[in-house]
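Each chain is listed here by its residues.
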Amino acid sequence: MTRQDTIYDLLIIGGGPAGLAAAVYASRSMMSVLVIESMLSGGQIATTENLDNYPGFPEGIGGMEFGQQLEAQARKFGTEMALATVTGVSLQGEIKTVETTEGTFRGRTVLLATGTRSRPLGAPGEEELKGKGVSYCATCDGFFYTDRVVAVVGGGDSALEEGMYLTKFAKKVYIIHRRNQLRAISLLQEKAKDNPKIEFLLDTVIEKINGRDHVESVTLLNKGENKTWDLPVDGVFMYVGLMPNTEFLGDSVALDESGYILANENMETSVPGVYAAGDVRQKLLRQVVTAVADGAIAAVMAGRYLDEKK
Ligand code: NAP
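Residues numbered from 1 in each chain as written. Predicted model: local features only at pLDDT ≥ 70, side-chain atom pairs only at ≥ 80, totals over all residues. Heavy atoms only, no water.

A closer look at unusual backbone geometry
Then, number 1: Here methionine 30, not a glycine, exhibits a phi torsion of approximately 70 degrees, which is positive.
Then, number 2: Turning to its location among the elements, methionine 30 is positioned in the loop between α1 (17–28) and β2 (33–37).
Then, number 3: Residue methionine 30 is classed as exposed on the basis of its relative accessible area of 74%.
Then, number 4: Backbone geometry at aspartate 147 places phi at a positive 60 degrees, although glycine is not the residue there.
Then, number 5: Relative to the helices and strands, aspartate 147 is located in the loop between α3 (138–141) and β9 (149–153). (Helix = DSSP H or I, 4+ residues; strand = E, 2+ residues; numbered from the N terminus. Buried < 20%, exposed > 50% of the residue type's maximum accessible area, 1.4 Å probe, protein only.)

Below, the structure is given as structure tokens:
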């Protein structure tokens, strides 16, 4: 029987920590499971150099390795993986269908675990210079800035963590933040302030990103002093927050005003048999540890839903 002929107990859209943890729990309890992932296992965490706040790993663990281990664990219990991009869903009724670039898959339950992606800043020049100095992933592109000067935009955990990572390569890292106060946790603030390669430009916004074939400078505005100047940089890394990957859902499940999926503490969405887990769900704390917990709960609830239908 081909995958297209199979009706899976659980179709999981998204192979990040939430989706793969659900796959481990569901396949271990003998449910048939297909995980649909468009890029690489681990999702966003795979682009993190070191995951150092996941309980049980005092030395941390590489994000890529963590994703691979999760996938291996899910496969060990029988999970199947499909490399495909989801283009649409039909979630009502007993049998739910997921349209993808590799064909249509069917399942009795569906878990939405598509996570988030980086939000663009929206500055003039950003779109034109994407991949030519404008980046959203320090782990992917940091190496190209060895002995160069880069700017990081944002004042949250990601901006500071990735800014520090970039100091491994770059000779100078400017962290540009729109307010006088950083949003990141104090531990990261202290570490970043102690780093001699990092300079903070606070109360400052990027007005424009300049360059012809590659980023050459950013035009900055210090809001307090109302001063504008051009800062020569070779690259700009954007860490100004996240956006949920929910466009493909249309109006098939209830979303909040920012596009995050509304689900209760049992991960149940507005549609029976459809669950949401991880960063894509409206929630307070977006961490790997909360994503895997969501995934475990969703898998158990999907199993109970199927038992009740028998
Ligand atoms: P975030 O916490 O939402 O921070 C986004 C930053 O970008 C904020 O400082 C914000 O400024 C700034 N910003 C937003 N829009 C902007 C604009 N248009 N122009 C200029 N600046 C703008 O996003 P994040 O840092 O990516 O973190 C996302 C989540 O992942 C958070 O929950 C975070 O705790 C978590 N995370 C955790 C870790 C860790 O535990 N090690 C690491 C990375 C991320 P304001 O401060 O003025 O709003």
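A look at the domain arrangement of the protein
Then, number 1: Parsing the protein into structural domains produces domain 1 (7–117 + 242–309) and domain 2 (120–238).
Then, number 2: Centre-to-centre separation of domain 1 and domain 2, based on C-alpha positions: 32 Å.
Then, number 3: Interface area for domain 1 against domain 2, summed over the two sides, is near 460 Å², with a carbon-plus-sulfur share of 49%.
Then, number 4: The largest per-residue losses of area from domain 1 upon contact with domain 2 belong to Thr47, Glu49 and Met243, which jointly make up 74% of the total buried on that side.
Then, number 5: At the surface where domain 1 touches domain 2, the tally comes to one salt bridge.
Then, number 6: Between glutamate 49 and lysine 168 there is a salt bridge, and its shortest N-O distance comes to 2.5 Å.
Then, number 7: Summed over the shared surface of domain 1 and domain 2, the number is two residue pairs in polar contact (both at pLDDT 80 or more). (Domains from an automatic or database assignment. Buried area = accessible area lost by both parts, 1.4 Å probe. Salt bridge = Lys/Arg side-chain N within 4 Å of Asp/Glu carboxyl O. Polar contact = N/O pair within 3.5 Å; in protein donor to acceptor, adjacent residues only side chain to side chain.)

Section: helix α5 (residues 186–194)
Then, number 1: Taken together, the buried positions of α5 are occupied by Leu188, Gln189 and Ala192. Taken end-on, α5 shows its buried residues confined to a sector of 100 degrees, consistent with a single buried face. What points out from α5, more than 90 degrees from its buried face, is the exposed set Leu187, Glu190 and Asp194. (Arc of directions from axis to C-beta.)

What to know about the pairing of strand β10 (residues 172–176)
Strand residues, when the strand is regular, have side chains that alternate between the two faces of the sheet.
Then, number 1: Of all five residues making up β10, four are buried, and the element is well covered by its neighbours.
Then, number 2: In the classification by handedness, the crossover that spans β9, the intervening helix α4 (residues 157–166) and the parallel β10 is right-handed.
Then, number 3: As paired elements, β10 and strand β11 (residues 198–201) share four bridges and run parallel to each other. Across the sheet, residue isoleucine 175 finds its bridge partner in β11, namely phenylalanine 200.
Then, number 4: With respect to chirality, the unit in which β10 leads through α5 into the neighbouring parallel β11 is right-handed. (Right-handed = clockwise from strand over helix to strand, strands pointing away. Pairing = 2+ DSSP bridges.)

Concerning α4
Then, number 1: Across the 10 residues that make up α4, a large majority, seven, are buried.
Then, number 2: Within α4, burial applies to Ala159, Leu160, Glu162, Gly163, Met164, Tyr165 and Leu166.

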